[in-house]
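Chains, contacts and geometry: an overview
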Amino acid sequence: MKREPFLARLREEKEWDLILIGGGATGLGCAVDAASRGYKTLLLEKTDFAKGTSSRSTKLIHGGLRYLKQGNLSLVIEALHERGLLCRNAPHLVSHLGFLIPSYHWWEGPFYGIGVKVYDLLAGKLGLEKSVHLSKEETLARFPTLEPKDLRGGSIYFDGQFDDARLACCLAQTAANHGAVCLNYCPVTGLLKENGRVSGVFAQDSETGETFACRGKAVLNACGVFSDAVRRFDDPNTSPLIQPSQGIHFVVDRSYLPTDAAVIIPHTDDNRVLFFVPWHNHVLIGTTDTPVPEIQAEPRPLEEEIDFILKTTARYLTKPLERSQVLTVFAGLRPLVKAGGKENTAALSRDHVILVSPSGLITITGGKWTTYRKMAQDAVDKAIETAKLPNAPCRTHDLRLHGYEEGRHPVDAWLSYGSDRRLLSDLSSRNPELERPLHSRLPYTGAEIVWAARHEMARTVEDALARRTRSLFLDARAAMEIAPAAARLMAQELGFPPAWEKEQTEQFLRLAKSYTI
Ligand SMILES: Cc1cc2nc3c(=O)[nH]c(=O)nc-3n(C[C@H](O)[C@H](O)[C@H](O)COP(=O)(O)OP(=O)(O)OC[C@H]3O[C@@H](n4cnc5c(N)ncnc54)[C@H](O)[C@@H]3O)c2cc1C
């Protein structure tokens, strides 16, 4: 996947079948769907793939036990089905993970015990391992840092776990393998219109300033929390659709949860769900659900959210957690859909929403990472209908994603490259300097930075350290320490001057500081 040939095609192509705006889970999923059906597909991303919400999730491919508790069975069944498909089509990126629900009250054991059995049943043929019940002793033997006071035992059920930004990169590669052009750093700046109908987009390459007018039979807005800004290109008076809700996560040392399974607190003191999830040899703790008035590209954790996670962690884990022990804190915005709206709303599931404006702009939003494939199928079906494209059936049900490898792997940073791992090994074996980890607290090597720039369209130090490797999301201070080395490797690879290295390092250090508390 390379930027230059994509730009060349952008200059050449007279008309695309589908133009997708936004390179998060939703847009990239649509690109895979459309390209694999054989449509001429263009995806334009304002900054980097998954820079928005799609790199800031809890990293779960799940049916959502919470929705089961709310009685939203159809949503759970759909998500469990998608979970099963993704485990099958991308085993290098999604692994099975056990989740303990500890019980501290007499009623929780039977209540959650029945709940997880129903969850098993709803997954049908695509189910994962069966849930089990643990006594208090078994629970503490397996989860030694769990608060023992009042503990009665627990239930373990299984769900999927993944690396969100790496799956996004894999979707871009899969779409490209099927002929799509997926460009990062190429924002859509306006919509082309003919006779009142949307007929394409205006875009600009952020690196060179070159502008493009791209014609497309169908234009799809998949901009997550930024969807309303694109809808306003179409109609400046349109009423807002999105109500953003912020969620934050801490990443801490593995010693906080020295086990191979996660813990879910389904009902915290203030009625929220909190996860402790082992991830890339660290522990992810989150999340919150805080309505926010402003949509920012880099949302910041609020003090009340930080306090909530510290307080709740102290309630359930015996190892004390101080602010200084938090290796990284990151925030993301959920694109929740407001009820109502005047347009022709086709709510194809209660989770995601597809809207077609009077001028034919299609907006797809809501949903979650787990259901990105189904969202994409529904959105491309809607585009076929709206733009009267020749009908081609969806192929993603059984479509193996880029790097597909047989067998199931734990979510390991190195294994998430799938079959590309062999090429990556060749790269480092040719230059032993690239083979060494860049930092003793991080699993990543110099070869992965070069690989990211050469094959995964990483254009900035942030792309390489935040989303191609997950350095920033695992340990912000360690990521700051390796920024100069990463900048040097990228500058060599991409042919950028020393001034670029300096500016990129400084920019990354400023950003990474905001991931520490
Ligand atoms: C805290 C939190 C935890 C979550 N945990 C989970 C989980 O564990 N499992 C799960 O299944 N789901 C989870 N989700 C939900 C999931 O992450 C989101 O539903 C999903 O990532 C949304 O993807 P998206 O593509 O719609 O939006 P985004 O990822 O935000 O992508 C939109 C993109 O559009 C781009 N864009 C904006 N304007 C323009 C423009 N003018 N031109 C071009 N591009 C533009 C942006 O740069 C951005 O990259 C979580 C969400 C949050 C907030």
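Across all of its chains, the model carries 5 cavities of 30 Å³ or more by this definition. Empty space within the largest cavity amounts to approximately 80 Å³. Together, Val32, Glu82, Leu85, Leu86, Asn89, Thr370, Tyr372, Arg373, Thr396, Leu399 and Leu401 line the largest cavity. The biggest single contributor to the lining of the largest cavity is helix H4 (residues 73-89), with 4 residues. Tallied by class, the residues present in the lining of the largest cavity amount to 6 nonpolar, 3 polar and 2 charged.

What follows concerns the packing of aromatic side chains. Under the defined criterion, the tally for this structure stands at 12 aromatic pairs. Where Phe99 meets Tyr157, the ring centres are 5.4 Å apart and the plane angle is 20°; that geometry is what we call stacked. Of this pair, Phe99 sits in strand E4 (residues 94-103) while Tyr157 sits in strand E6 (residues 153-162), placing them 58 residues apart in sequence. A single burial state applies to Phe99 and to Tyr157, both of which are buried. A centroid spacing of 5.7 Å and a plane angle of 70° characterise the contact between Trp107 and Phe111, whose relative ring orientation is edge-to-face. Residue Trp107 is classed as partly exposed on the basis of its relative accessible area, which comes to 34%.

Moving on to the site of the ligand. Taken together, 35 residues lie near the ligand, and Thr26, Glu45, Ser54, Leu60 and Thr370 sit nearest. At 3.0 Å, a backbone N or O of Thr58 approaches a nitrogen atom of the ligand. In isolation the ligand offers 1,000 Å² of accessible surface; the protein chains occlude 96% of this area. Examining the composition of the shell around the ligand, we find that 3 residues originate from one element, strand E16 (residues 328-337), more than from any other. Among the residues forming the shell around the ligand, the class breakdown is 11 nonpolar, 18 polar and 6 charged.

Let us now look at the nonpolar core. In this structure, Leu10, Leu18, Leu44, Phe250 and Phe276 are the most contacted members of the largest nonpolar core, which totals 103 residues. For Leu10, the residues in contact, after removing those within four places along its chain, are Trp16, Leu42, Leu44, Leu183, Cys186, Phe212 and Cys214. Of all hydrophobic cores here, the second largest spans 59 residues; its members include Ile449, Leu474, Leu511 and Ala512.

For the protein, the average pLDDT comes to 94, and 97% of its residues sit at 70 or higher. Taken as a whole, residues 341-350 scores under 50 in pLDDT and shows 23 contacts with residues more than four places along the chain or in a different chain.

Between its terminal C-alpha atoms H4 stretches 24 Å, which fits the 24 Å expected from 17 residues at 1.5 Å a residue. Among the 17 residues that make up H4, 12 are buried, leaving the element largely enclosed by the rest of the structure.

Every buried residue belonging to helix H8 (residues 227-234) is among Ser227, Asp228, Val230, Arg231 and Asp234, and all of these are buried. Here the buried residues of H8 occupy an arc of 160° about the axis, which is enough to place them on one side.

Looking now at the pattern of salt bridges. A side chain with one charge may pair with a side chain of the opposite charge, provided their charged atoms come close. If you walk through the whole model with that rule in mind, you get 39 salt bridges. In this structure, Arg215 and Glu194 form a salt bridge, with 2.4 Å as the shortest nitrogen-oxygen distance. With Arg215 in strand E10 (residues 211-221) and Glu194 in strand E8 (residues 188-194), this pair connects stretches of sequence that are 21 residues apart. Residue Arg215 is classed as partly exposed on the basis of its relative accessible area of 33%. The exposure class of Glu194 is partly exposed, given its relative accessible area of 37%. Each of Asp48, Lys51, Arg56, Glu298, Glu462, Asp463, Arg467 and Arg468 takes part in one network of salt bridges that share partners.

Before going further, it helps to spend a moment on the packing of helix H11 (residues 420-430) against helix H12 (residues 446-455). Two quantities define a packed helix pair, namely the angle between the axes and the distance from one axis to the other. One way to put it is that H11 packs onto H12 with a least axis distance of 9 Å and a crossing angle of 115°. Remark: the crossing between H11 and H12 carries right-handed chirality. Packed against H11, whose contacting residues are Asp420, Leu423, Leu424, Leu427 and Ser428, the element H12 presents Ala447, Glu448, Val450, Trp451 and Arg454 at the interface. Looking at side-chain class alone, the contact of H11 with H12 contains 6 nonpolar, 1 polar and 3 charged residues.

How each quantity is defined
- Residues numbered from 1 in each chain as written.
- Predicted model: local features only at pLDDT ≥ 70, side-chain atom pairs only at ≥ 80, totals over all residues.
- Heavy atoms only, no water.
- 1 Å grid on protein atoms, 1.4 Å probe; cavity = no way out; pocket = protein on both sides within 12 Å on 5 of 7 lines; lining within 4 Å.
- Points joined across faces, edges and corners; volume = space filled by probe spheres on them.
- Helix = DSSP H or I, 4+ residues; strand = E, 2+ residues; numbered from the N terminus.
- Nonpolar A, V, L, I, M, F, W, Y, C, P; charged D, E, K, R; others polar.
- Phe/Tyr/Trp six-rings, centres within 6.5 Å; stacked < 30°, edge-to-face > 60°.
- Buried < 20%, exposed > 50% of the residue type's maximum accessible area, 1.4 Å probe, protein only.
- Near = heavy atom within 4 Å.
- Polar contact = N/O pair within 3.5 Å; in protein donor to acceptor, adjacent residues only side chain to side chain.
- Areas by Shrake-Rupley, 256 points an atom, 1.4 Å probe, with all protein chains shown as cover.
- Core = buried A, V, L, I, M, F, W, Y, C linked by side-chain atoms within 4.5 Å.
- Contact = heavy atoms within 4.5 Å.
- pLDDT = per-residue confidence, 0-100.
- Expected span 1.5 Å × (residues − 1).
- Arc of directions from axis to C-beta.
- Salt bridge = Lys/Arg side-chain N within 4 Å of Asp/Glu carboxyl O.
- Axes fitted to C-alpha atoms, helices over the stretch in contact; angles between N-to-C directions.
- Left-handed = near helix turned anticlockwise from the far one by under 90°.

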